[in-house]
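Residue-level listing of the chains:
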Amino acid sequence: QVQLVESGGGMVQAGGSLTLSCAASGITFSNYDMGWFRQAPGKEREFVAAISWREMAYSAASVKVRFTISRVNAKNTQYFQMNSLKPEDTAVYLCAARDRGSGDFNSAQTYEYWGQGTQVTVSS
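What counts and how
- Residue positions are given per chain, counting from 1 as you read along its sequence in written order.
- Only residues with pLDDT of at least 70 get local features here, since the model is predicted, and only at 80 or more are side-chain atom pairs given and counted; chain-wide, interface and lining totals rely on the full set of residues.
- Values reported for side chains reflect all heavy atoms of the structure, with hydrogen atoms and water molecules removed beforehand.
- In DSSP terms, a helix is any run of H or I states spanning at least four residues, a strand is any run of E spanning at least two, and both are numbered starting from the N terminus.
- Taken over C-alpha atoms, the radius of gyration is set against a globule rule of 2.2 Å times the number of residues to the power 0.38.
- Relative accessibility thresholds used throughout: buried, under 20% of the residue-type maximum; exposed, over 50%; partly exposed, between the two (1.4 Å probe, protein chains only).
- In what follows, residue pairs with any heavy atoms lying within 4.5 Å of each other are defined as contacts.
- Only the protein chains shown count as cover for residues, and the accessible areas themselves come from Shrake-Rupley with a 1.4 Å probe.
- Charge counting treats Lys and Arg as positive and Asp and Glu as negative, with His and both chain ends excluded.
- Here the site of a charge means NZ on Lys, CZ on Arg, CG on Asp, or CD on Glu.
- We call Phe, Tyr and Trp rings a pair once their centres come within 6.5 Å, taking the six-membered ring for Trp, and we label the pair stacked below 30 degrees between planes, edge-to-face above 60, and tilted otherwise.
- Only lysine NZ and arginine CZ atoms are considered, and such an atom sits over a ring when it is within 6 Å of the ring centre and within 35 degrees of the ring normal.
- Polar contacts here mean pairs of N or O atoms no more than 3.5 Å apart (in protein, one a potential hydrogen donor and the other a potential acceptor; neighbouring residues in sequence count only if both atoms are side-chain atoms).

Participant: If you had to explain the overall build of the protein to someone new, which residues and values would you point to?
Facilitator: Along the protein, the regular secondary structure elements total zero helices and 11 strands. Listing every helix and strand of the protein by position from the N terminus yields β-β-β-β-β-β-β-β-β-β-β. Relative to the globule expectation of 14 Å for 124 residues, the C-alpha radius of gyration of the protein, 13 Å, shows essentially globular dimensions. If you line up the protein on its principal axes, its C-alpha atoms span 40 × 25 × 25 Å. For the protein, buried positions account for 40% of its 124 residues. Taking all contacts inside the protein whose residues are at least 6 apart in sequence as the whole, residues at least 24 apart take part in 59%. In the structure as shown, the protein presents an accessible area of about 6,500 Å², 46% of it carried by carbon and sulfur atoms. With 11 positive and 10 negative side-chain charges, the protein shows a separation of 5 Å between the mean positions of the two kinds.

Participant: Now, about the environment of Ala-23: what can you tell me, with residues and values included?
Facilitator: With respect to the helices, strands and loops of the structure, Ala-23 is situated in strand β3 (residues 18-25). Between the C-alpha atoms of Ala-23 and Val-5, which are 18 residues apart in sequence, the distance is 5.2 Å. Aside from chain neighbours lying at most four places away, what touches Ala-23 is Gln-3, Leu-4, Val-5, Asn-76 and Thr-77.

Participant: If you had to explain the packing of aromatic side chains to someone new, which residues and values would you point to?
Facilitator: Under the counting rule described, the total for this entry stands at nine aromatic pairs. Consider the rings of Trp-36 and Phe-80, whose centres lie 5.8 Å apart with planes at 10°: the pair is stacked. Taken together, the residues Trp-36 in strand β4 (residues 32-39) and Phe-80 in strand β8 (residues 77-82) connect sequence positions 44 residues apart. Overall, the relative accessible area of 0% leaves Trp-36 in the buried class. Among the aromatic side chains, those forming a connected cluster through ring pairs are Phe-37, Phe-47, Tyr-58, Phe-105, Tyr-111 and Trp-114. Positioned above the aromatic ring of Phe-29, the side-chain terminus of Arg-71 is 4.4 Å from the ring centre. Above the ring of Trp-53, the side-chain terminus of Arg-100 is found at 4.3 Å from the ring centroid.

Participant: Account for the side chain of Arg-98, with residues named and values stated.
Facilitator: The residue Arg-98 is located in strand β9 (residues 91-99) in this model. Residue Arg-98 is classed as buried on the basis of its relative accessible area of 4%. A distance of 2.7 Å separates a polar atom in the side chain of Arg-98 from the backbone oxygen of Gly-103. A distance of 2.8 Å separates polar atoms of two side chains, one belonging to Arg-98 and the other to Thr-110.

Fair warning: the whole summary comes from geometry, so function is off the table for now.
Now the structure itself:
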């Protein structure tokens, strides 16, 4: 089975940092684009960042200077370093994977596999 397992979420005060990870199995990881989406209660799923199979990184403007996405293919893992966290960042963060060359990187519809999510809560 294809599995994406997120970890690293938790509660942090505003201005703090967290590092999320997403471990993949059941796919040839190096051939897949990887992404992070987030969903807050009562709101639609939102694109946050993605990293292509060629290690080209993309991110939403609201997080570009604060969050960094990376991947280590030898570990079948992608990482998401989140700094200067704000209460508005509170959400469930979801790892996603898609076959390379699948279309717009910020479209949730193009991602085939999803993790269960990890909760990030930022207090003021």
